[in-house]
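Structural overview for review
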Amino acid sequence: MRTAYFDNNATTRVLPSVQAAMIRVLEDGYGNPSALYQRGRQARQIVEDARGAVAALLGCRPDEVIFTSGGTESDNAALFSACPAGSHLVVSAIEHDAVLNACLVLKRQGVQVSVVRPDGNGRLDPEEVGKALRPDTALVSVMTANNETGVIQPVEEIGRLVHDRGIAFHTDAVQAAGKIPVSVRSIGCDLLSLSAHKIHGPQGIGALYLRKGLAFRPLLVGGHQERGRRAGTENLPAIAGFGAAALAAGQGLEDGSITRLAAWRDAIERHLAQQVDGVAINGGSAPRVANTSNLTIKGIPSTALLVALDRQGIALSAGSACRAGSRRPSHVLTAMGLTAADARAAIRISLGKLNSQQDVDDLLEILPRSILELRRNPSAA
Ligand code: PLP
């Protein structure tokens with residue numbers, strides 16, 4: 001059976017250029033980048049080339065990029081480093097669990113945490129963030145774009161007001177990179193998280209941008225890798241793949257692929273609204289990244305619909321992959337004011353640049369039909 005993949009916010013397929021870069025390293029690049037002989041120096045060059053590509057994507061200096069094991073580690077490292085015991089931290093209610101669960105650990109260590117809620121469209125008001133700041137606030141952490149709704153947050157305004165108060169600013173840009181331009185200088189952030197597998201790179205590799213001059217307490221200690229900021233022998237094949245993915249993500253911002261995703265996303269939403277009653281676009285009135293559509297289909301639990309779609313070769317999810325299987329409704333949607341029932345009836349369609357028109361045509365045909373069938377016969381699931 002043909003399958004059409006619409007869960008690109010959960011993970012993306014690696015690009016051929018990424019695969020080629022990784023295979024080159026696996027076949028003949030097995031040096032330790034810390035070694036001084038030729039093979040080590042070649043491995044070091046692979047790491048530094050990839051670092052340069054990631055830095056170019058973010059508009060920062062290469063020495064401000066630390067390779068990590070992914071978005072989760074980058075988020076953890078940022079929060080644990082910037083929030084000493086006794087300090088105050090401000091986060092949004094719609095952050096990824098990599099931030100929110102780090103907050104729980106920090107709370108146990110004596111950090112006070114204030115949580116700012118979004119409006120009904122899933123967007124934060126910078127003024128509300130401003131109101132939460134205190135003289136002892138050490139860090140503000142607000143994501144650039146939300147993984148469930150795709151809503152783009154006003155991080156540049158938040159960055160400005162946070163800096164005016166001399167407070168550090170972290171943004172989780174895992175779901176923004178490759179979808180909108182992400183420049184650390186325009187955002188004015190001190191720390192930023194990235195993950196390769198959301199931009200057609202491999203899983204298990206990410207990066208933390210650390211503004212030059214900002215004090216940092218490493219999460220991992222050991223050897224002097226990453227200038228003493230992240231110990232452990234570098235994951236060379238993954239870093240090479242990440243470099244190729246970062247390069248392609250930068251090019252993708254300029255080659256028209258984002259416009260194509262937005263047109264597909266809009267066509268899907270329009271078509272569904274015409275074919276089916278009771279569809280609400282969560283975050284639909286806010287600025288969103290082009291690839292993401294979060295839809296509540298009134299009265300149909302998402303689990304039933306996802307199973308029906310999967311049987312017909314359509315892969316999409318109900319929201320965050322990390323909470324799949326959780327019985328709790330999405331914390332993002334409930335923070336936006338949705339009832340638990342409406343949040344449980346939400347599905348997330350996340351397109352990617354490897355989708356084809358055929359994938360979209362299949363979705364346009366199968367999704368409304370499956371919804372109408374489930375409405376007629378709820379026990380069919
Ligand atoms: N932050 C956001 C917004 C995400 O969507 C994700 C992954 O879904 C992460 C962090 C975690 O990234 P990783 O899977 O690389 O640990």
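These figures come from a predicted structure and were not determined experimentally.

Attention now moves to empty space enclosed by the protein. Left-over empty space is what a probe sized like a water molecule reveals as it rolls over the atoms. Going through the model one piece at a time under the given rule, you end up with one cavity of 30 Å³ or more. What the largest cavity holds in volume is close to 190 Å³. Considering the residues around the largest cavity, the lining is formed by 18 residues, among which G178, K179, H200, L261 and K353 are closest to the centre. Elements represented by at least two residues in the lining of the largest cavity include exactly α9 (236-252) and α10 (257-275). Residues that form the lining of the largest cavity fall into these classes: seven nonpolar, eight polar and three charged. Residues lining the lining of the largest cavity come from more than one domain, with at least three contributed by each of domain 1 (4-12 + 256-380) and domain 2 (16-252).

Attention now moves to the nonpolar core. Within the largest apolar cluster, 57 residues are counted, with the highest numbers of intra-cluster contacts made by V54, L58, V140, F169, L192 and F242. Ranked by the residues each element gives to this core, the list is headed by α9, at 10 residues. Residues within four places of F169 in sequence aside, it is in contact with L139, V140, V142, V155, I158, G159, V162, I187, G188, C189, D190 and L191. Of all hydrophobic cores here, the second largest spans 27 residues; its members include I268, L272, L305 and L367.

The subject of this paragraph is the site of the ligand. In the region of the ligand, 13 residues are neighbours, and T72, D172, Q175, S195 and K198 sit closest. With respect to the ligand, the side chain of Q175 contributes an N or O atom lying 2.8 Å from an oxygen atom. Note that an oxygen atom of the ligand is positioned 2.6 Å from one of the side-chain N or O atoms of S195. Relative to its unbound accessible area of 390 Å², the ligand is 89% covered by the protein chains. If you tally residues by element for the shell around the ligand, the top one is helix α3 (residues 71-82), at three residues.

What follows covers the packing of helix α1 (residues 16-28) against α9. Interhelical geometry of α1 versus α9 gives an angle of 150° and a closest axis separation of 8 Å. Between α1 and α9, the interaxial angle falls into the category roughly antiparallel. Like other packed secondary-structure pairs, α1 and α9 cross with a definite hand, here right-handed. Here S17, V18, A21, M22, V25 and L26 of α1 lie close against α9, whose contacting residues are L236, P237, A238, A240, G241, A244 and A245. The residue makeup of the contact of α1 with α9, split by class, is 11 nonpolar, two polar and no charged.

Okay, helix α4 (residues 97-108) next. Here α4 spans 16 Å end to end across 12 residues, near enough to the 16 Å set by a 1.5 Å rise per residue. Buried within α4 are the following residues: D97, A98, V99, L100, A102, C103 and L106. For α4, the elements touching its buried residues are α3, β3 (88-92), β4 (112-116), β5 (137-141), β6 (168-172) and α12 (331-335). Looking one or two residues beyond α4, the residue adopting positive phi is G110, at roughly 90°.

What counts and what doesn't
Residues numbered from 1 in each chain as written. Predicted model: local features only at pLDDT ≥ 70, side-chain atom pairs only at ≥ 80, totals over all residues. Heavy atoms only, no water. 1 Å grid on protein atoms, 1.4 Å probe; cavity = no way out; pocket = protein on both sides within 12 Å on 5 of 7 lines; lining within 4 Å. Points joined across faces, edges and corners; volume = space filled by probe spheres on them. Helix = DSSP H or I, 4+ residues; strand = E, 2+ residues; numbered from the N terminus. Nonpolar A, V, L, I, M, F, W, Y, C, P; charged D, E, K, R; others polar. Domains from an automatic or database assignment. Core = buried A, V, L, I, M, F, W, Y, C linked by side-chain atoms within 4.5 Å. Buried < 20%, exposed > 50% of the residue type's maximum accessible area, 1.4 Å probe, protein only. Contact = heavy atoms within 4.5 Å. Near = heavy atom within 4 Å. Polar contact = N/O pair within 3.5 Å; in protein donor to acceptor, adjacent residues only side chain to side chain. Areas by Shrake-Rupley, 256 points an atom, 1.4 Å probe, with all protein chains shown as cover. Axes fitted to C-alpha atoms, helices over the stretch in contact; angles between N-to-C directions. Parallel < 35°, antiparallel > 145°, perpendicular 65-115°, else oblique. Left-handed = near helix turned anticlockwise from the far one by under 90°. Expected span 1.5 Å × (residues − 1).

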